[in-house]
Amino acid sequence: MKHLVVFVILILATSCWLSATKDIPANPVVPSPQQVEYQKMEIIGFIHYTVNAFTDKEWGDGSERSDIFNPTELDVRQWVRAARLGGMQQLILTAKHHDGFCLWPSAFTEHSIKNSPYKDGRGDIVKELAEACTQAGLKFGVYLSPWDRNHPDYARSEYITYYRNQLRELLTNYGPISEMWFDGANGGDGWYGGANERRTIDRKTYYEWPITWNLVKELQPDILIFSDAGPDIRWIGNEKGIAGETCWSMFDRTKVAVGDADQNYLNTGDPDGPHWVVGECDVSIRPGWFYHKSEDDKVKTPQQLVDLYYKSVGRNGTLLLNIPPDQRGLIHENDVQSLKGFKTILDETFKENLARGAKVMANSQWSHDARFAADNIVDQDIDSYWAAKENDRAATLTLHLDAPATFDRIMLQEPVRLGQRIAQFTVEAQVDGDWQHIASATTIGYKRLLRLTPITVTQIRLKIIEANNTPALSNVGLFKASALE
Ligand code: FUL
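So, here is what we can say about the structure in this document.

About the criteria used
- Residues numbered from 1 in each chain as written.
- Predicted model: local features only at pLDDT ≥ 70, side-chain atom pairs only at ≥ 80, totals over all residues.
- Heavy atoms only, no water.
- Helix = DSSP H or I, 4+ residues; strand = E, 2+ residues; numbered from the N terminus.
- Buried < 20%, exposed > 50% of the residue type's maximum accessible area, 1.4 Å probe, protein only.
- Contact = heavy atoms within 4.5 Å.
- Lys, Arg positive; Asp, Glu negative; His and termini not counted.
- Salt bridge = Lys/Arg side-chain N within 4 Å of Asp/Glu carboxyl O.
- Polar contact = N/O pair within 3.5 Å; in protein donor to acceptor, adjacent residues only side chain to side chain.
- Near = heavy atom within 4 Å.
- Nonpolar A, V, L, I, M, F, W, Y, C, P; charged D, E, K, R; others polar.
- Axes fitted to C-alpha atoms, helices over the stretch in contact; angles between N-to-C directions.
- Parallel < 35°, antiparallel > 145°, perpendicular 65-115°, else oblique.
- Left-handed = near helix turned anticlockwise from the far one by under 90°.

This part covers the side chain of Asp75. With respect to the helices, strands and loops of the structure, Asp75 is situated in the loop between α3 (52-55) and α4 (76-85). Note on Asp75: relative accessible area 18%, which makes it buried. Setting aside its immediate chain neighbours within four residues, Asp75 contacts Arg81, Gly329 and Leu330.

This is the structure:
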């Protein structure tokens, strides 16, 4: 009996191992496991906070006194609650924005929270938020502005030492940091220790980015680095939260300099790019990045946020939504309401996949192995997938639903750990015995969402028209949008 149990366990373990390892061959360019996990978060939050909340400015010039930073009701747990209400899985904090004021008591400057009334100079918002995120199961990322309009040495080599010292502090003293955000906005007028002048830098050489990136990875091996040029996550090329209609995660980092990049290239990625660099779509819930009372009635509505979700996550990007705390140190009630409404609509829309369990037929399949069978696309499991026959570059999948279903949203997902393959596809529905075109698009990647007018049918077919390798799909979904949308 004992032997039999051991034998069964061995068989089970072997088959698990086989199914975990036997994949179709991957593309030459694939994501790291961290990049795969990163995209699954879908929605992440940005916290822009500094002296600007007290001066009503978007960019502080660096001359602000530290003691004007005086939030009286600051509660990082309220930020985290708001983030969770909005479905965010990670928060990125502006530890230092262009004005140079530090939200942690850096040992390398006096221009920080330690000289502010907040907690009588004993506060550390980086620490507080890192802890609150960990407690709530959120990841935590850091923004450290490369441009510093306060520092006397900005534009000289001494500043690079200062900047790296600060990175060391942030990346060693606060536990795991999941994302490091390097802004491309750089150089210009500033206070610069009282010099009050214009300082420009050579964006291509001044920061010696590859050295800084190495330092970051040395200190936090699992971190993902964001900048115009990646190396892991790239700016999507606009601050409106919108990815290109065509959006490849492949990219050529060597074609881009931080702060000096072709915005169309960032927006669409590059089908021939040799690097995997996921697009991140940053946008603020308000017109500005920082809190201004005058914008309390300009907070994006839940419906506007949902639209952005379709244009970012629904186009193979992640949505980085900024929610700036106010002078109290709280996320304003209007922003919280919008976040809540946004998440309610998404939950309602995507709660029931009408394609779940449909019968799926494919005119092409990798092998007879169930691992690549067509119905894997409706099993709700992101890791299982269908793959076409080796060397095929096009295929048709037909879904037969049990009963007529009414839907107006289509979701498609590729198993991106094997690379991004599909370049063009159409969707048709059978209406009165005829196949009618209902949607078409180019790339899919981690997720593609399509919106259409509601249609009621029992059969749809998906035609993959062009791919750079054997096409594969992990999920197809049909949904009916929430009436609130
Ligand atoms: C820009 C900055 O200049 C804005 O203030 C903001 O931080 C945004 C996310 O990036 O480049």
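As a further point, take the side chain of Glu64. For Glu64, the location among the structural elements is in the loop between α3 and α4. Lys57 is the oppositely charged side chain nearest to the buried, salt-bridge-free Glu64, at an N-O distance of 4.1 Å. At 2.9 Å, the side chain of Glu64 forms a polar contact with the backbone nitrogen of Asp61. Polar contacts involving the side chain of Glu64 include one to the main-chain amide nitrogen of Gly62, which spans 3.0 Å. If we skip the residues at most four places from it in the chain, Glu64 touches Val51, Thr55, Lys57, Asp99 and His111.

Attention now moves to the site of the ligand. Taken together, Phe46, His48, Trp59, His97, His98, Tyr143, Trp181, Asp183, Ala185, Glu239, Asp282 and Trp289 make up all the residues around the ligand. The contact in question runs from an oxygen atom of the ligand to an N or O atom on the side chain of Trp59, over 3.1 Å. Contact distances for the ligand include 2.7 Å between an oxygen atom and a side-chain N or O atom of Asp183. In the shell around the ligand, the residues fall into 6 nonpolar, 3 polar and 3 charged.

Turning next to the pattern of salt bridges. In the structure shown here, the tally under the stated rule is 34 salt bridges. Linking Arg417 and Asp383 is a salt bridge whose minimum nitrogen-to-oxygen distance equals 4.0 Å. A residue pair is termed long-range when its members are at least 10 positions apart, and Arg417 in the loop between β15 (395-413) and β16 (422-431) and Asp383 in the loop between β13 (359-362) and β14 (386-387) qualify at 34 residues. Judged by its relative accessible area of 44%, Asp383 is partly exposed. Here the salt bridges share partners, and the residues they tie into one network are Arg286, Lys293, Asp296 and Asp335.

Turning to α4, its buried residues number three or more, namely Val76, Gln78, Trp79, Val80, Ala82 and Ala83. Buried residues along α4 sit in contact with β1 (43-47), β2 (90-96), α5 (125-136) and α10 (333-350). Of the residues that open α4, the one with a side-chain oxygen 3.0 Å from the backbone nitrogen of Arg77 is Asp75. Phi turns positive one or two residues past the end of α4, at Gly87, with a value near 80°.

Remark: α4 packs on α5, axes separated minimally by 9 Å, with the N-to-C direction vectors making an angle of 45°. One way to sum up the angle between α4 and α5 is to call them oblique. Every pair of crossing elements has a handedness; the one defined by α4 and α5 is right-handed. Listed contacts from α5 to Val76, Arg77, Trp79, Val80 and Arg84 of α4 are Ile125, Glu128, Leu129, Ala132, Cys133 and Ala136. Each residue belonging to the contact of α4 with α5 can be placed in one class, and the counts come to 8 nonpolar, no polar and 3 charged.

Structural measurements only, silent on function.
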